[in-house]
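# What the coordinates show
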Amino acid sequence: MTVYLTRIAVSAIRNISNRSSMLSNVDFSPVKLLLHNKNDILHLSRQLTIRKYTTDTIQPVIALENASIPLKKKTVHKKAVLEDLTKKEGHYLTFAYATANSYDLKALKEALVQQKLYEPGKLKAHEVGDVVIANPVYTIGTEPREIIFFKEGAVVFWNCTELEASNVLDFVKRYEIEGYPKDVIEREREVMTYVYQPNVKKCHLQESCFVLVPDRDNSLEKYSFSHAMAQSARLGAWEARLESLAASVREHSAIMERDGATHVDKKEVVRKLGELFSLRHRLNVESDLLDTPDFYWEEEELERLYSNTVAYFTIPRRTRVLNERLSHCVELLELLSSWAADRHHVRLEWMVIALILAEVCFELLHFFERSSRKVRRKSTYSMDFEDPLFHDLSIIDT
């Protein structure tokens, strides 16, 4: 222990001696410390002046370098106006409607054959499942007409008039499963045009127009364009459904904001939650909006057409926004559900308290009855005891 303490002391003495030697080398002469003229004072004041800077005039280098770069804007899909599209020469119209959650394609195909106005068609040598292609028996003009029915409840018309499309929509109502309202069908339809351009080797999308290759079978390319249009129409119908659900939920949130409380029915909240969960299931599980369908995995050119058309209709962004809105509505409805459950629990607690109070009242009544009976017994006992006593006293008096 002593050896350890001596080592510590020696190290401390060495440090002190080193510091003293360093200080001895510094010249503290008063001549050098004093200032002899005003110039020295001014020179010293310049050295001691503290500069103050403001960050307002300082611009980051990165911001100055990127100042000329334009900001990227989000592309928002705007539905094409039919009146603007019909003015273009050499362009044919294409309509896409989403009318129901799904179709009974087998019965629909048999009905089309029995009607003898349309005959089933094929896509080149491919037999695509869950799709019915109808070619009109009677032709009008040189450009053929074509109708594509998707099992997911959408139908696409190529080179058909609005009157023919309306008649077909009325015909297909008998084979719809969970059909949509008529106003939603008309409002959420997609309208495009297609044109044949010479000297074009590949089909492609150009603004609001499908460019096809002339003098060639473009049935698979039409199917790819139609599939993307049908996806956009379906997504629009689901967006309209969510808007109606959100409007009903918004009323309760407004009441909560104004009154601090709301009176909702538990069954109504559960029913709306079921509709939201069903819509979310259709969007994320039943549909293929989040991924490329299996049909395009082996067809690179068709996959490119489908992906470009999907991007034109901004389907990925709309799907993401719809999921976020669904989550918000679900959270609000869960809050209302918990509120309704709390109200139910409070009501049950008050019922239990009322039953306890009633029991307490009955016990008090029984207590008063027992106490009154005891009082009456005591009074009767005293009266029975006093009667013979008074009789004996009367005899003594006599």
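I will try to describe carefully the structure that is included in this document. In every chain, residue numbers begin from 1 and rise along the written sequence. Residue-level local features of this predicted model are given only where pLDDT is at least 70; pairs of side-chain atoms are given and counted only at 80 or more, and the full residue set underlies all totals for whole chains, interfaces and linings. Remark: hydrogens and water are excluded; side-chain values derive from all non-hydrogen atoms of the structure.

Here we come to the packing of helix α9 (residues 219–259) against helix α11 (residues 300–312). In the contact formed by α9 and α11, the axes pass within 9 Å of each other and the chain directions differ by 30°. When the axes of α9 and α11 are compared, the pair comes out roughly parallel. Of the two possible hands of crossing, α9 and α11 adopt the one that is right-handed. Counting all contacts with α9, which are made through L220, E221, S224, F225, H227, A228 and Q231, the residues of α11 involved are L302, L305, Y306, T309 and V310. Lys, Arg, Asp and Glu make up the charged group, whereas Ala, Val, Leu, Ile, Met, Phe, Trp, Tyr, Cys and Pro make up the nonpolar group; the residues left over, Gly among them, are polar. Residue classes in the contact of α9 with α11 are distributed as 7 nonpolar, 4 polar and 1 charged. For helices, the axis comes from a line fit to the C-alpha atoms of the stretch in contact; other axes are also lines fit to C-alpha atoms, and the angle between any two N-to-C directions lies between 0 and 180 degrees. Segments assigned H or I by DSSP are reported as helices when at least four residues long, segments assigned E as strands when at least two residues long, and all are numbered from the N terminus. Orientation labels follow simple angle bins: below 35 degrees gives roughly parallel, above 145 gives roughly antiparallel, 65 to 115 gives roughly perpendicular, and whatever is left gives oblique. Note: crossing handedness is left-handed where the near helix turns anticlockwise from the far helix by less than a right angle, and right-handed where it turns clockwise. When checking whether two residues touch, look at their non-hydrogen atoms; a contact exists if any pair is within 4.5 Å.

A few words on a positive patch on the surface. A cluster of basic side chains, namely R370, R373, K374, R376, R377 and K378, defines a positive patch on the protein surface. Examined against the element boundaries, K378 turns out to sit in helix α12 (residues 315–397). Judged by its relative accessible area of 63%, K378 is exposed. Put simply, a patch holds well-exposed residues, over 30% relative accessible area, that have no salt bridge, with like charges counted together within 9 Å and Val, Leu, Ile, Met, Phe, Trp or Tyr side chains within 5 Å. The accessible surface values rely on the Shrake-Rupley method and a 1.4 Å probe; as for residues, cover is taken only from the protein chains in view. Each reported salt bridge corresponds to a side-chain nitrogen of Lys or Arg within 4 Å of a carboxyl oxygen of Asp or Glu. Charged-residue counts in this description rest on Lys and Arg as positive and Asp and Glu as negative, His and the chain ends being excluded. To locate a charge, take atom NZ for lysine, CZ for arginine, CG for aspartate or CD for glutamate. Burial classes follow relative accessibility: with a 1.4 Å probe on protein chains only, a residue under 20% of its type's maximum area counts as buried, one over 50% as exposed, and anything between as partly exposed.

To continue, consider the pattern of salt bridges. Enumeration according to the criterion identifies 11 salt bridges in this entry. Across the pair E164 and R145 runs a salt bridge, and its minimum N-O distance is 3.1 Å. Note that E164 is positioned in helix α7 (residues 162–172) and R145 in the loop between β4 (131–136) and β5 (146–150), a separation of 19 residues in sequence. Owing to a relative accessible area of 14%, E164 belongs among the buried residues under this scheme. On the basis of relative accessibility, which here comes to 13%, the residue R145 falls in the buried class. R325 is the partner of E243 in a salt bridge, and the nearest nitrogen-oxygen pair spans 3.6 Å. Here E243, found in helix α9, pairs with R325, found in helix α12; they are 82 residues apart in sequence, far enough to count as distant.

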